[in-house]
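Chains, contacts and geometry: an overview
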Amino acid sequence: MPSKNQKPKTMRLTDTHCHLELEDYASDLEEVIDRAVLGGVERMISPGIDLASSRRAVEIARKYPSVFAAVGVHPISADTACEKTIPRLRDLCAAGGKVVAVGEVGLDYYRRYASEKNQKKLFNEFIEFSIEMDLPLILHNRAASEDFHDMLKRTGQGVIRGVVHCFSGDEKLLEEVLAMGFFISFAGNITFKKAGPLRELIRRVPLDKLLLETDSPYLAPEPARGRRNEPANVRYLLDTYAEIYEHTPSDIARITTHNADVLFKLGLGDTGKIAYEIRDSVYLNITNRCTNECTFCTREVSNYVKGHNLKSDREPEADEIILEMGDISRYREIVFCGFGEPTMRLDTVKKVADHVKREGGRVRIVTNGTGDIINGRNISGELKGLVDVVSVSLNAPDAETYDRICQPAFGKDAYQGILKFIKECREQGIEVEVTCLDIIGEEGLAACRRIANDLGAFFRLRHLNEVG
Ligand code: SF4
């Protein structure tokens, strides 16, 4: 039975490529959109494949709040474009009709429905158009990888952004477009039994560059394979991605929805989270204040961690945090770890941890280890019985290095204070884990490992920008 304060968790999905503008949906478009929204697909992007379908995509986007449009001409229709095509697409963008991208555009040498010469000319014009409109590109490439990459590089290097949709290139192209900052999406064929090689390729895409798409009405995933595809089916891709990335389907949903918002600016506008799930644990973001200014701190790069917005200018009380966590039996552990130093709010940590322990949960606190200095006393006795594991971010083998890379408010006293705190926690019988980022070289890491061992703590190596 769920506890009375369990909050329902819903997945927020974004289908970044579904051709709602095509005839295939003429008779039941409304039901298709309703099914998607009911299934958690909050945003859909409908990319045009020629002038008429771009017009239709904009019309649909204006009518349905959850639908956005992209305007473009698919390479297989390149022979139909004329000098009036781009001015007309420009008018569509200017009409304030929720146009969030230029697409679907690119090159297709597989089917050869349009001449190579016309395809290249049009693709070049669209790259320039996207720069002029300051809109991302939704890109199609089939059997044209070399020209595709050359043209992106020659015309758009450093100024264009976008997604290579339904990626079908090889490892080389993947590395090249990732290096140019492009997002990547794959369609329902990743769920097919014989998709082994494609899945190997997916592994090379960093999670923060992955988008979800159905490419509806084409490429329906298992178990809808063989039927008309639709945006609601985007959920069927989650299990495959979850397996590849070793995250949960809901992690994949949240991260890809955030990525879509970063690229297309879909206005999801979420606020700073207090309790946030990653895999099978819940993390608590109880303050954005910290006594350090670490040179590698994630919050300096983005407000987001694994799709969760952690930027907050308010500090929740214990009752609110407990309510946000909901039923703790769902989690392997409860972790105090956000965009700040939790021991700056020691009383709140103690109240929440007390609740968790009473409910039979496991508590870990991720700290910079200066809790004694912050609170002006030895706090290890206060953590005993409330916190199962103290995870101390040491990150340096000596005070000088620590001072340089972590920039503590307490200056050189901080490092000795941290070592003392670790020792005290161990004396209280609390498990301590010392973590170090892989930014201090082999020698530095070996020294940190020795320090941890000498203090009776575990050692864990962490990778830069990998949180949770
Ligand atoms: S201790 Fe953690 S939260 Fe504070 S600045 Fe360093 S990395 Fe950021």
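Relevant structure appears above.
Residues numbered from 1 in each chain as written. Predicted model: local features only at pLDDT ≥ 70, side-chain atom pairs only at ≥ 80, totals over all residues. Heavy atoms only, no water.

Of all the positions in helix H1 (residues 29–38), only Leu29, Val32, Ile33 and Ala36 are classed as buried. Down the axis of H1, the buried side of the element spans an arc of 95°, and every buried residue falls inside it. In this structure, the buried side of H1 is in contact with strand S2 (41–47), helix H2 (51–63) and strand S3 (67–71). Downstream of H1 by one or two residues, Gly40 has phi in the positive range, about 95°. (Buried < 20%, exposed > 50% of the residue type's maximum accessible area, 1.4 Å probe, protein only. Helix = DSSP H or I, 4+ residues; strand = E, 2+ residues; numbered from the N terminus. Arc of directions from axis to C-beta. Contact = heavy atoms within 4.5 Å.)

Okay, the packing of H2 against helix H3 (residues 85–94) next. What describes two packed helices is the angle between their axes and the distance between those same axes. In contact at an axis separation of 11 Å, H2 and H3 are set at 0° when each is read in the N-to-C sense. Judged on the interaxial angle alone, H3 and H2 are roughly parallel. Note on element contacts: H3 touches H2 through Thr85, Arg88, Leu89 and Leu92, opposite Leu51, Ser54, Arg55 and Val58. Residues belonging to the contact of H2 with H3 are distributed by class as follows: 4 nonpolar, 2 polar and 2 charged. (Axes fitted to C-alpha atoms, helices over the stretch in contact; angles between N-to-C directions. Parallel < 35°, antiparallel > 145°, perpendicular 65-115°, else oblique. Nonpolar A, V, L, I, M, F, W, Y, C, P; charged D, E, K, R; others polar.)

In this structure, Thr191 sits in the loop between strand S7 (183–186) and helix H7 (196–202). The exposure class assigned to Thr191 is buried, which follows from its relative accessible area of 11%. Only 2.7 Å separates the side chain of Thr191 from the backbone oxygen of Gly188, close enough to count as a polar contact. If we skip the residues at most four places from it in the chain, Thr191 touches Arg199, Pro221, Glu222, Tyr236, Leu237 and Thr240. (Polar contact = N/O pair within 3.5 Å; in protein donor to acceptor, adjacent residues only side chain to side chain.)

This paragraph deals with the environment of Glu83. By the secondary structure assignment, Glu83 is in the loop between S3 and H3. Judged by its relative accessible area of 67%, Glu83 is exposed.

Going through the model one piece at a time under the given rule, you end up with 1 cavity of 30 Å³ or more. In this structure, the largest cavity encloses a volume near 40 Å³. Residue lining of the largest cavity: Lys273, Ile274, Asn285, Ile286, Thr287, Asn288, Ser312, Arg314 and Pro316, and that is the complete set. Looking at side-chain class alone, the lining of the largest cavity contains 3 nonpolar, 4 polar and 2 charged residues. (1 Å grid on protein atoms, 1.4 Å probe; cavity = no way out; pocket = protein on both sides within 12 Å on 5 of 7 lines; lining within 4 Å. Points joined across faces, edges and corners; volume = space filled by probe spheres on them.)

What follows is about the sheet that holds strand S1 (residues 13–15). The strand order S1-S2-S3-S4-S5-S6-S7-S8 describes an open sheet built from 8 strands, whose pairing is parallel. Each edge of the open sheet is held by one strand with a lone partner, namely S1 and strand S8 (210–212). Between one strand axis and the next, the sheet turns by 30° as a mean value, whatever way the strands run. When strand S4 (residues 99–108) meets strand S5 (residues 137–142), the two strands line up parallel, connected through 6 bridges. Paired with Leu107 across the two strands is Asn141, which belongs to S5. The strands touched by helix H5 (residues 145–156) are S4, S5 and strand S6 (162–164); relative to S5, the strand with the most contacts, the crossing angle is about 150°. (Pairing = 2+ DSSP bridges.)

Right, let's talk about the site of the ligand for a bit. For the ligand, the full set of nearby residues is Cys290, Asn292, Cys294, Phe296, Cys297, Arg299 and Asn368. Of the residues in the shell around the ligand, the class split is 4 nonpolar, 2 polar and 1 charged. (Near = heavy atom within 4 Å.)

Through backbone hydrogen bonds, the strands of a sheet pair up, either in parallel or in antiparallel fashion. Reading across the sheet, the 7 strands line up as S9-S10-S13-S14-S15-S16-S17 and stay open at both edges, with mixed pairing between neighbours. Edge positions in the sheet fall to strand S9 (275–278) and strand S17 (458–462), since each has one partner strand and no second. If you compare each strand with its neighbour and ignore which way they point, the axes differ by 25° on average. The pairing of strand S16 (residues 431–437) with S17 spans 5 bridges and is classified as parallel. Its bridge partner lying in S17, Glu433 is registered against Phe458. Where helix H16 (residues 441–454) meets the sheet, it contacts S16 and S17, and its direction lies at approximately 155° from that of S17.

Shape descriptors only; they carry no functional weight alone.
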